[in-house]
Amino acid sequence: MSPVFPMLTVLSMFYYICLRRRARTATRGEMMNSRRAIESNNRALPTNVEIVQYAKEVLDFSSHYGSENSMSYTMWNLAGIQNVYPSSGDFTQTAVFRTYGTWWDQCPSARLPFKRTPPDFYSQDYVELAFEDPVYPTAVHILETYHPGSVVRVLACSANPYSQNPPAEVRWEVLWSEAPTKVNGPQARQFTPCIKQINFPTNLIRLEVNSSLLDYYTELDAVVLHGVKERPVLSLKTTMIDMNDDDEDEDEEKDGGGMESLNKQFSVAALKEWPTNGYFDKLPYELIQLILSHLTVPDLCRLAQTCKLLYQHCCDPLQYIHLSLQPYWARINDTSLEYLQSRCTLVQWLNLSWTGNRGAISVSGFSRFMKICGFELVRLELACGHFLNETCLEVIAETCVNLQELNLSSCDKLPPQAFNHIAKVGSLKRLILYRTKVEQTALLSILNFCSELQHLSLGSCVMIEDYDLIASMMGAKCKKLRTLDLWRCKNITENGIAELASGCQLLEELDLGWCPTLQSSTGCFTNIARKLPNLQKLFLTANRSVCDTDIEELAANCTHLRQLDILGTRMVSPTSLRKLLESCKDLSLLDVSFCSQIDNRVVLELNASFPRVLIKKSFTQ
Amino acid sequence: MKSWWVPVLEVEGMCCQAGGGGEGRGESRTGGFVAQDEVCGHRPRFKLQAWSGLQTEKSAGSSAANSTVGVADGVGGWRDYGVDPSQFSGTLMRTCERLVKEGRFVPSNPVGILTTSYCELLQNKVPLLGSSTACIVVLDRTSHRLHTANLGDSGFLVVRGGEVVHRSDEQQHYFNTPFQLSIAPPEAEGVVLSDSPDAADSTSFDVQLGDIILTATDGLFDNMPDYMILQELKKLKNSNYESIQQTARSIAEQAHELAYDPTYMSPFAQFACDNGLNVRGGKPDDITVLLSIVAEYTD
């Protein structure tokens with residue numbers, strides 16, 4: 001053994017010991033601090049007091065049961081402290097969405113679902129709440145007071161809706177997500193999903209709901225946000241590795257972190273050259289196309305980055321005939337549309353509902369996309385598209401010459417003049433204007449020129465002055481009308497109904513819920529029953545004048561009836577209901593909530609005799 | 001579920017009896033509320049001392065700039081339709097209270113509160129029936145003005161220095177038939193009296209520190225003439241919560257006693273006599289009395 005070796009060993013040992021000691025002091029201090037902080041939260045160095053906040057304001061939502069400008073059953077009730085909880089029942093002071101269960105998927109106006117919906121996307125409706133102070137959330141409590149169990153997703157936004165400057169980056173993080181589960185019973189509960197920790201403070205929370213498993217309308221009373229002002233101490237492991245906020249690991253991509261990751265997938269990537277494609281060369285083109293048609297859009301984009309052959313397949317416009325970007329609403333922006341442009345030249349069904357808000361999509365970005373991809377469009381979904389303006393509708397009207405279905409549900413920021421352009425789309429078969437500001441002249445124009453209309457939704461269109469005139473126009477021009485939603489159309493009378501019933505004899509679905517100006521004594525409901533024998537769905541919600549005669553007329557004439565809502569009338573007796581149930585063998589939904597002559601005992605009796613009908617009887621206490 | 005008269009009205013000395021005995025539980029058809037809205041704004045100077053002791057929610061950072069008091073008197077006779085007469089007046093007042101708490105009103109337009117409340121009643125899934133008078137009083141603290149809206153024969157008095165300086169006018173179609181808000185069943189449309197909220201009388205005037213505002217249903221005014229009310233109010237020593245409650249309670253109790261005195265010449269009997277009807281005695285009725293004092297606002 002040479003004398004150098006022991007020398008080296010001693011030296012290395014010496015260095016090793018010194019280095020270890022330095023390392024220990026460097027990291028041990030940190031470790032000690034965080035351990036101390038964890039063990040003794042009260043004595044933590046920065047004050048990490050938990051702040052509890054109720055929602056200050058409801059910023060946006062996709063639908064609600066109540067009337068615009070009302071306090072009853074509207075989404076605005078979700079702000080502030082609870083009004084009803086812990087009581088259970090159907091109360092006016094809660095937030096209620098427009099639909100529940102699967103009833104709207106089973107009626108003549110039901111829409112076909114888009115293919116390629118990712119298995120973890122269940123959301124049907126949403127509501128966005130702003131809180132006063134941005135915090136790092138530690139808990140979210142949702143106070144549900146009636147038929148709970150609808151919340152499927154909770155998200156937090158990095159943008160502060162109250163800040164003066166527009167945010168540099170708008171990032172949505174999923175705090176919690178789960179498939180809808182059946183909750184038995186209508187009793188109130190406090191729902192506290194187990195949320196994950198995020199690395200930015202937030203005062204903008206979004207709830208997404210799915211009511212398909214519920215027996216009746218769900219009602220939410222309040223949302224409580226617990227959080228801390230200072231970034232909470234994370235687990236020991238993560239403190240050591242300390243974090244870069246722009247971590248781009250696999251998990252974040254799956255959770256839908258930033259738009260960057262999705263856009264990266266869309267963009268052209270440098271692809272490796274290989275001499276052959278192995279077995280893929282043996283498969284026919286169409287077969288690979290068929291296999292790929294089962295992939296979700298992000299997976300399709302990831303696959304495109306693997307090799308030139310699959311890139312060719314994944315960018316083939318035939319893969320994008322039906323394209324739904326709604327599940328990825330948080331990540332779609334102008335850049336995404338730009339990347340998709342070349343592939344979407346043949347798109348026929350396009351779903352951009354919920355996308356583009358808070359500056360993600362610009363008018364020019366959307367217009368550019370439409371001009372390239374709009375020609376073949378048959379179905380266009382733009383629900384809650386708050387980025388839309390008049391120019392966008394003008395572009396749609398110009399480029400989408402084959403458009404048959406247009407959904408502008410809850411586009412309440414669209415100015416009234418924007419709707420003037422819709423009349424140019426003469427091929428329209430379905431038009432949804434729920435909760436929009438469409439005005440009388442524009443609507444009359446649409447009805448005049450869109451004679452192919454089969455499905456029309458004018459629910460909560462508050463700017464229409466004279467619904468009798470609208471109904472008259474429909475009766476005259478829209479002979480092919482099959483479904484009509486006139487929910488909360490405040491001033492329609494028996495005259496409008498008469499013209500409608502005479503002119504639109506193909507009507508299978510008619511929603512006249514909360515139309516108080518219709519009086520049974522004028523014979524309008526009898527008229528409906530006699531003139532519209534094909535009716536499958538009839539909603540007369542909260543019409544207090546519906547009486548036995550009307551029910552008997554329905555029983556005699558509308559034997560195909562499947563769904564009937566007569567909530568809130570005092571004038572219907574069990575006898576006439578029995579006649580109806582005997583006559584209408586297809587009836588599956590009967591809502592007799594708050595009908596004073598139909599008490600629970602009657603409901604039980606009817607249930608026993610007619611087990612296939614679901615009889616709904618809501619209660620307040 | 002809380003009944004609508006807890007806790008506001010109980011502590012304000014409401015005395016409730018079912019008109020005409022016989023009803024077991026004695027639910028009153030009258031109702032009232034006192035509420036504070038959450039409008040942020042100028043630094044307030046005055047407030048209605050009436051509810052200094054009450055719990056009201058305040059969101060962080062806002063100061064309440066207005067106070068509102070309201071009473072409603074349900075019209076009987078709805079029992080024939082199987083309707084509980086207290087449902088309408090109670091729901092009306094609860095809705096007004098909610099509107100005020102959420103700041104969905106303009107202080108100088110109390111008729112607006114009535115109109116909006118009435119429209120909200122129609123938005124209820126429950127088929128509400130009934131009718132009621134209503135009186136709303138809003139103190140605008142920043143301008144020191146009192147804005148009032150009165151529909152029917154409930155009303156208010158403003159007492160300063162032992163004298164009545166302002167009072168509401170009764171609105172009657174004819175004898176014992178006050179103006180009233182109502183929701184009628186469909187078969188009785190056009191037969192049942194139904195006044196629009198716009199028909200309410202509306203007044204505005206300045207108030208001073210120390211002014212006493214008494215808001216009550218006709219059960220009080222029909223049984224107790226002004227001088228008796230003023231006598232009771234003289235006993236109000238200071239503007240703390242207990243004294244006000246005590247005084248309001250004693251006024252209501254006294255009116256209640258007088259109502260059942262068959263020989264007493266009540267204001268109601270006097271009015272009847274003046275119109276050719278020979279009657280004496282009090283008028284048994286439900287009585288709601290709300291007392292408030294304009295006091296200095298301290299943060």
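How each quantity is defined
- Counting of residues starts from 1 at the beginning of each chain's written sequence and follows it residue by residue.
- In the order they appear in the text, chains get letters beginning with A and ligands get numbers beginning with 1.
- pLDDT decides what is reported in this predicted model: residues at 70 or higher carry local features, side-chain atom pairs at 80 or more are listed and counted, and totals for whole chains, interfaces and linings draw on all residues regardless.
- Neither water nor hydrogens contribute to the side-chain values; these are computed over all heavy atoms in the structure.
- UniProt positions are given in the numbering used here, feature names are shortened, and annotations may be inferred rather than shown by experiment.
- For helices the rule is a DSSP run of H or I covering at least 4 residues; for strands it is a run of E covering at least 2, with both sets numbered from the N terminus onward.
- Here a residue-residue contact requires only that any non-hydrogen atoms of the pair lie within 4.5 Å.
- For the purposes of these results, a polar contact is taken to be a pair of N or O atoms within 3.5 Å, where, inside protein, one atom must be able to donate a hydrogen and its partner to accept one; residues adjacent in sequence count only when each atom of the pair is a side-chain atom.
- Strand pairing requires that DSSP identify at least two bridges connecting the strands.
- Interaxial angle, 0 to 180 degrees, is taken between N-to-C directions of lines fitted to C-alpha atoms, where a helix line uses only the stretch in contact.
- Residues with no salt bridge and a relative accessible area higher than 30% make up the patches, which join like charges within 9 Å and nonpolar side chains (Val, Leu, Ile, Met, Phe, Trp, Tyr) within 5 Å.
- Computed by Shrake-Rupley with a 1.4 Å probe, the accessible areas treat only the displayed protein chains as cover when residues are assessed.
- We define a salt bridge as a side-chain nitrogen of Lys or Arg found within 4 Å of a carboxyl oxygen belonging to Asp or Glu.
- Under the pairing criterion, centres of Phe, Tyr and Trp rings, with the six-membered ring standing for Trp, must be within 6.5 Å; the plane angle then separates stacked pairs below 30 degrees from edge-to-face pairs above 60, leaving the rest tilted.
- Per-residue accessibility, obtained with a 1.4 Å probe over protein chains only, is compared with the maximum for each type, and a residue is labelled buried under 20%, exposed over 50%, and partly exposed between these values.
- Two cysteine sulfur atoms make up a disulfide if the distance between them is within 2.5 Å.
- Buried area is a sum: the accessible area each of two parts loses on coming together, probed at 1.4 Å, counted once for each and added.
- Gly is placed with the polar residues, together with every amino acid not listed as nonpolar (Ala, Val, Leu, Ile, Met, Phe, Trp, Tyr, Cys and Pro) or charged (Asp, Glu, Lys and Arg).
- An arc is given here, and it is the one of the directions from the helix axis to the C-beta atoms.
- Only protein atoms enter the 1 Å grid, on which a cavity is a set of points fitting a 1.4 Å probe that cannot get out and a pocket is an open set with protein on both sides within 12 Å along at least 5 of 7 lines, lining residues being those with an atom within 4 Å of a point.
- Grid points are joined across faces, edges and corners, and a volume is the space filled by probe spheres set on the points.
- The labels follow the angle: roughly parallel below 35 degrees, roughly antiparallel above 145, roughly perpendicular from 65 to 115, and oblique for the rest.
- Crossings are sorted by hand: turned counterclockwise from the far helix by less than a right angle, the near helix makes the crossing left-handed, and turned clockwise it makes it right-handed.

By the naming in an unreviewed UniProt entry, chain B is Protein phosphatase, taken from Crocodylus porosus. On record in UniProt, under Sequence similarities (unreviewed entry), the comment for chain B is "Belongs to the PP2C family."

Per an unreviewed UniProt entry, chain A carries the name F-box and leucine rich repeat protein 4 and comes from Crocodylus porosus.

Novice: Lay out the overall build of chain A in plain terms, naming residues and giving numbers.
Specialist: The helix and strand inventory of chain A stands at 17 helices and 21 strands. Long-range pairs, those at least 24 residues apart, make up 80% of the contacts in chain A between residues at least 6 apart in sequence.

Novice: Could you give an account of the UniProt feature "domain: F-box" (unreviewed entry) in chain A, with specific residues and numbers?
Specialist: Taking the numbering used here, the UniProt-annotated feature "domain: F-box" (unreviewed entry) corresponds to residues 277-332 of chain A. In the segment residues 277-332 of chain A, helix accounts for 41% and strand for 5%; the C-alpha atoms at its two ends are 32 Å apart.

Novice: So what's going on with the side chain of Ser63(A)? Residues and values would help.
Specialist: Residue and element names in this part refer to chain A. By the secondary structure assignment, serine 63 is in the loop between β2 (57-61) and β3 (95-96). At a separation of 3.3 Å, a polar atom in the side chain of serine 63 contacts the main-chain amide nitrogen of arginine 98. Engagement of the side chain of serine 63 in a polar contact is seen with the side chain of aspartate 125, the distance being 3.1 Å.

Novice: Could you give an account of the sheet that holds strand β12 (residues 379-381) of chain A, with specific residues and numbers?
Specialist: Backbone hydrogen bonds are what pair the strands of a sheet, in a parallel or an antiparallel way. Residue and element names in this part refer to chain A. One open sheet holds the 12 strands; their spatial order is β10-β11-β12-β13-β14-β15-β16-β17-β18-β19-β20-β21, and the pairing between them is parallel. Strands at the two margins of the open sheet, each flanked by one partner only, are β10 (322-324) and β21 (614-616). Across the sheet, the mean angle separating the axes of adjacent strands is 5° when strand polarity is ignored. As paired elements, strand β16 (residues 483-485) and strand β17 (residues 509-511) share 3 bridges and run parallel to each other. Among the inter-strand pairings, threonine 483 is bridged to a residue of β17, identified as glutamate 509.

Novice: Could you give an account of the environment of Thr74(A), naming the residues involved and the relevant values?
Specialist: Residue and element names in this part refer to chain A. Note on placement: threonine 74 falls in the loop between β2 and β3. Put simply, threonine 74 and glutamate 219 are 145 residues apart on the chain and 9.8 Å apart in space, counted from C-alpha to C-alpha. Once residues lying within four places of it in the same chain are set aside, the contact partners of threonine 74 are His64, Gly66, Ser67, Thr94 and Ala95. A distance of 3.1 Å separates the side chain of threonine 74 from the backbone oxygen of serine 70, its partner in a polar contact.

Novice: Hey, could you go over a nonpolar patch on the surface for me, with residue numbers and the actual values?
Specialist: Together, Phe280(A), Leu283(A), Leu287(A), Leu290(A) and Ile291(A) make up an exposed nonpolar region whose accessible area comes to about 430 Å². Along the polypeptide, Ile291(A) turns up in helix α5 (residues 285-292).

Novice: Can you break down the packing of aromatic side chains residue by residue, with the values?
Specialist: Residues and elements named next belong to chain A. Within this structure, the stated rule accounts for 19 aromatic pairs over all chains. The interplanar angle of 75° and the centroid separation of 5.6 Å between the aromatic rings of tyrosine 65 and tyrosine 73 together place this pair among those described as edge-to-face. Each of the two residues, tyrosine 65 as well as tyrosine 73, counts as buried. With 5.1 Å between their ring centres and 50° between their planes, tyrosine 100 and tyrosine 216 make a pair best called tilted. With a gap of 116 residues between them, tyrosine 100 in the loop between β3 and β4 (125-146) and tyrosine 216 in the loop between β8 (202-209) and β9 (219-228) connect regions that are remote in the sequence.

Novice: Which residues make up the state of the cysteines, and what values go with them?
Specialist: Applying the stated criterion across every chain, the model contains 0 disulfides over all chains. Not part of a disulfide, Cys314(A) finds its nearest cysteine sulfur in Cys315(A), a span of 6.7 Å. By relative accessible area, which is 0% here, Cys314(A) ends up buried. We note that Cys96(B) lacks a disulfide partner, and the nearest cysteine sulfur, in Cys135(B), lies 11 Å from it.

Novice: Let's hear about the interface of chain A and chain B: which residues, and what values?
Specialist: Put simply, an interface is often sized by how much accessible area is lost when its parts join up. Taken together, the 29 residues of chain A in the interface contact 20 residues of chain B. Where chain A abuts chain B, roughly 2000 Å² becomes buried across the two surfaces, and 56% of that area is made up of carbon and sulfur atoms. Sorting the residues of chain A by area buried against chain B places Met71(A), Arg544(A) and Arg570(A) first, and these three jointly supply 34% of that buried surface. For the pair chain A and chain B, the number of links is 1 salt bridge. One salt bridge in this structure joins Lys125(B) and Asp90(A), with 2.9 Å as the shortest N-O distance. For the pair chain A and chain B, the number of links is 12 residue pairs in polar contact (both at pLDDT 80 or more). Considering only residue class, the side of chain A that touches chain B consists of 11 nonpolar, 13 polar and 5 charged.

Novice: Could you give an account of helix α8 (residues 334-341) of chain A, naming the residues involved and the relevant values?
Specialist: Those residues of α8(A) lying buried are Asp334(A), Ser336(A), Leu337(A), Leu340(A) and Gln341(A). Down the axis of α8(A), the sector holding all buried residues measures 160°, keeping them to one side.

Novice: Describe the pattern of salt bridges, with residues and values.
Specialist: For side chains of opposite charge, pairing can occur when their charged atoms come near one another. Considering all chains together, one arrives at 38 salt bridges over all chains under this definition. We note a salt bridge from Asp218(B) to Lys283(B), for which the minimum N-O separation is 3.0 Å. With Asp218(B) in helix α4 (residues 218-221) and Lys283(B) in the loop between α7 (267-274) and β13 (289-296), the pair connects residues that are 65 residues apart, well separated along the chain. The same class applies to Asp218(B) as to Lys283(B), namely buried. A single network of salt bridges, built from pairs that share partners, joins Arg111(A), Arg379(A), Glu381(A), Glu405(A) and Arg430(A).

Novice: An account of unusual backbone geometry is needed here, citing residue identities and associated values.
Specialist: All names here are of chain A. Cis geometry is found at the peptide bond from tyrosine 85 to proline 86, where omega equals 10°. Positive phi is not limited to glycine here, since arginine 358 has a value of about 60°. Residue placement: arginine 358 occurs in the loop between β11 (349-351) and α9 (363-373). Given the relative accessible area of 35%, arginine 358 is considered partly exposed.

Novice: Requested: an account of the layout of surface pockets, with residues and values cited.
Specialist: All names here are of chain A. Here the second largest pocket is characterised by a volume of approximately 1400 Å³. Contributing to the lining of the second largest pocket are 47 residues, with Asp105, Arg111, Gln124, Glu381 and Asn407 lying nearest its centre. Elements represented by at least two residues in the lining of the second largest pocket include exactly β12, β14 (430-432), β15 (455-457), β16 and β17. Here the lining of the second largest pocket is composed, by residue class, of 18 nonpolar, 18 polar and 11 charged.

Novice: How would you sum up the environment of Arg141(B)? Please name residues and give values.
Specialist: Residue and element names in this part refer to chain B. Position of arginine 141 relative to the elements: it lies in the loop between β4 (130-140) and β5 (145-151). Here the alpha-carbon distance between arginine 141 and proline 107, two residues 34 residues apart in the chain, equals 9.6 Å. Of the polar contacts made by the side chain of arginine 141, one reaches the side chain of serine 67; its length is 2.8 Å.

Novice: Outline the packing of α8(A) against α9(A), supporting the account with residue identities and numerical values.
Specialist: Residue and element names in this part refer to chain A. At a minimum axis distance of 9 Å, the contact between α8 and α9 shows a crossing angle of 15°. In terms of axis orientation, α8 runs roughly parallel to α9. Considering the relative orientation of α8 and α9, their crossing is left-handed. Residues Asp334, Leu337, Glu338, Leu340 and Gln341 of α8 touch α9, and the partners they reach there are Gly365, Phe366, Arg368, Phe369, Ile372 and Cys373. Its residues assigned to classes, the contact of α8 with α9 shows 6 nonpolar, 2 polar and 3 charged.

Novice: Explain the packing of helix α13 (residues 494-503) of chain A against helix α14 (residues 524-531) of chain A to me, and be specific about the residues and the numbers.
Specialist: When two helices pack together, their arrangement is given by the angle between the helix axes and by the axis-to-axis distance. Residues and elements named next belong to chain A. Axis separation between α13 and α14 bottoms out at 9 Å; the angle between their running directions is 5°. In this view, α13 runs roughly parallel relative to α14, as classed from their interaxial angle. Counting all contacts with α13, which are made through Glu494, Ile497, Ala498, Ala501 and Ser502, the residues of α14 involved are Cys524, Asn527, Ile528 and Lys531. A class-by-class count of the residues in the contact of α13 with α14 yields 5 nonpolar, 2 polar and 2 charged.

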